[in-house]
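So you can see what is in the structure, the chains are spelled out below.
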Amino acid sequence: MLTKRIIPCLDIKNGRTVKGVNFVDLRDAGDPVELADLYSKAGADELVFLDISATEERRKTLANLVLRVAEKVNIPFTVGGGISSVEDVDVLLQNGADKVSVNSSAVKNPQLINDLAAKFGSQCITVAIDAKQIGGVWKVHLVGGKVPTELDLFQWAKEVEERGAGEILFTSMDNDGTKDGFANQALAKLSEELNIPIIASGGAGNVQHFVDTFKEGKADAALAASVFHFKEIEIKDLKTELRNNKIPVRL
């Protein structure tokens, strides 16, 4: 059985790690290079580095910061933010990223997913989907959750898979930063309808939330930020508890 992955997320704005609630009210959480090093040593399975202002500010992800982080860690590392071309991905992979995450650019130009998968292989391509419930329907949002679309979460996820993405990072905007748990019903539906790994994001507040998202949400990996950044949950303790709950993890 494949082990479940624990993935700290470093949201980067102006070179610093930040964390907010429901995608707003950002506060400083430390130096991304130092945090990446700490998480790598603490037993994280992977890291995700998202330059959250890159798309909004129309600039490219900070490749030099990616290089500094990559020099420090020995675990797989995904980079996202402002990626809109094969050339962007080429630069990031050359600077040490193992995978890239695309979000708004994939919605605006779905062919980008096909092009990236063909050039670099599906295993390198993560498509991030930010969604919230509007009238009981999960709708995809862009530009760090600021721009709503009419896209249905599940239809878009299926198209993403068909176009060659290797995994999906699903963030529930309704749950993000609330520490009330992951959107397990939506995650379970995604897992049932798709054949690629689903990373759960948004809502981690305690160890039980991780247990629930692996058991009820059928997630392949769980991503969190503030509970790790502010030392509310230690990765070693989390993995021990997951193992106690018969959830396979790498210790």
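What counts and how
- Residues numbered from 1 in each chain as written.
- Predicted model: local features only at pLDDT ≥ 70, side-chain atom pairs only at ≥ 80, totals over all residues.
- Heavy atoms only, no water.
- Helix = DSSP H or I, 4+ residues; strand = E, 2+ residues; numbered from the N terminus.
- Rg over C-alpha atoms; globule rule 2.2 N^0.38 Å.
- Buried < 20%, exposed > 50% of the residue type's maximum accessible area, 1.4 Å probe, protein only.
- Contact = heavy atoms within 4.5 Å.
- Lys, Arg positive; Asp, Glu negative; His and termini not counted.
- Charge placed at Lys NZ, Arg CZ, Asp CG, Glu CD.
- Pairing = 2+ DSSP bridges.
- Polar contact = N/O pair within 3.5 Å; in protein donor to acceptor, adjacent residues only side chain to side chain.
- Core = buried A, V, L, I, M, F, W, Y, C linked by side-chain atoms within 4.5 Å.
- Phe/Tyr/Trp six-rings, centres within 6.5 Å; stacked < 30°, edge-to-face > 60°.
- Lys NZ or Arg CZ within 6 Å of the ring centre and 35° of its normal.

1. So, the overall build of the protein chain
Tallying secondary structure elements over the protein chain gives 10 helices and 12 strands in all. Over its C-alpha trace the protein chain gives a radius of gyration of 16 Å, about what one expects of a compact globule, namely 18 Å for 251 residues. Taking the principal axes of the C-alpha coordinates as reference, the protein chain spans close to 45 × 40 × 35 Å. Residues counted as buried form 59% of the 251 residues belonging to the protein chain. Relative to all contacts within the protein chain whose residues are 6 or more apart in sequence, the contacts with residues 24 or more apart total 66%. Side chains of the protein chain carry 30 positive and 36 negative charges; the gap between the two charge centres is 2 Å.

2. A short note on the pairing of strand 7 (residues 125-134)
Strand 7 sits mainly inside the fold: seven of its 10 residues count as buried. The sheet contact formed by strand 6 (residues 99-102) and strand 7 spans three bridges and is parallel. Residue Ser-101 lies in a different strand from strand 7, and its bridge partner there is Thr-126. Pairing of strand 7 with strand 10 (residues 167-172) involves six bridges; the strand directions are parallel. Opposite Val-127, over in strand 10, you have Ile-168 as the bridge partner. Two elements, strand 7 and strand 8 (residues 137-142), share five bridges in a ladder whose sense is antiparallel. Residue Lys-132 lies in a different strand from strand 8, and its bridge partner there is Lys-139. If you look at the hairpin formed by strand 7 and strand 8, you'll find two residues sitting between the two strands, and Gly-135 has a positive phi there, around 60 degrees.

3. Overview of helix 8 (residues 207-215)
Spacing of three or four residues puts side chains on the same side of an α-helix, whose turn is 3.6 residues. His-209, Phe-210, Val-211, Thr-213 and Phe-214 are the residues of helix 8 that are buried. The opening residue of helix 8, the one whose side-chain oxygen lies 3.0 Å from the backbone nitrogen of Gln-208, is Asn-206.

4. So, the nonpolar core
Among the nonpolar cores identified, the biggest contains 70 residues, and Leu-153, Trp-156, Ile-168, Phe-170, Phe-210, Phe-228 and Leu-242 are the most heavily contacted of them. Core analysis: the next-biggest nonpolar cluster, separate from the first, contains nine residues, Ile-7, Leu-50, Leu-169 and Ile-199 among them.

5. Description of the packing of aromatic side chains
The full count for this structure, using the stated rule, is five aromatic pairs. Summarising the aromatic geometry, the rings of Phe-210 and Phe-228 are spaced 6.0 Å apart at their centres and angled 35 degrees between planes, so their arrangement reads as tilted. In this pair, Phe-210 is assigned in helix 8 and Phe-228 in helix 9 (residues 226-229), connecting sequence segments 18 residues apart. Linked through ring pairs, Tyr-39, Phe-182, Phe-210 and Phe-228 together constitute an aromatic cluster. Sitting over the ring of Phe-154, Lys-189 keeps its end group 4.2 Å from the ring centre.

6. Quick notes on the environment of Gly-43
Position of Gly-43 relative to the elements: it lies in the loop between helix 1 (32-42) and strand 4 (47-51). The spatial distance from the C-alpha of Gly-43 to the C-alpha of Ile-75 is 9.2 Å, given a sequence separation of 32 residues. Discounting residues that sit within four places of it in the chain, Gly-43 has contacts with Ile-235, Lys-239 and Arg-250.

7. Examining unusual backbone geometry
The backbone phi angle of Lys-179 is positive, close to 60 degrees, even though this residue is not glycine. Secondary-structure assignment places Lys-179 in the loop between strand 10 and helix 7 (184-193). We note that Lys-246 has phi near 65 degrees; this positive angle belongs to a residue other than glycine. Position of Lys-246 relative to the elements: it lies in the segment after helix 10 (235-244).

8. A look at the side chain of Lys-139
Its place among the elements puts Lys-139 in strand 8. Judged by relative accessible area, Lys-139 falls into the buried class, the value being 16%. At a separation of 3.1 Å, a polar atom in the side chain of Lys-139 contacts the main-chain carbonyl oxygen of Glu-150. For Lys-139, the contacting residues outside a window of four places in its chain are Asp-130, Ala-131, Lys-132, Ile-134, Thr-149, Glu-150 and Leu-151.

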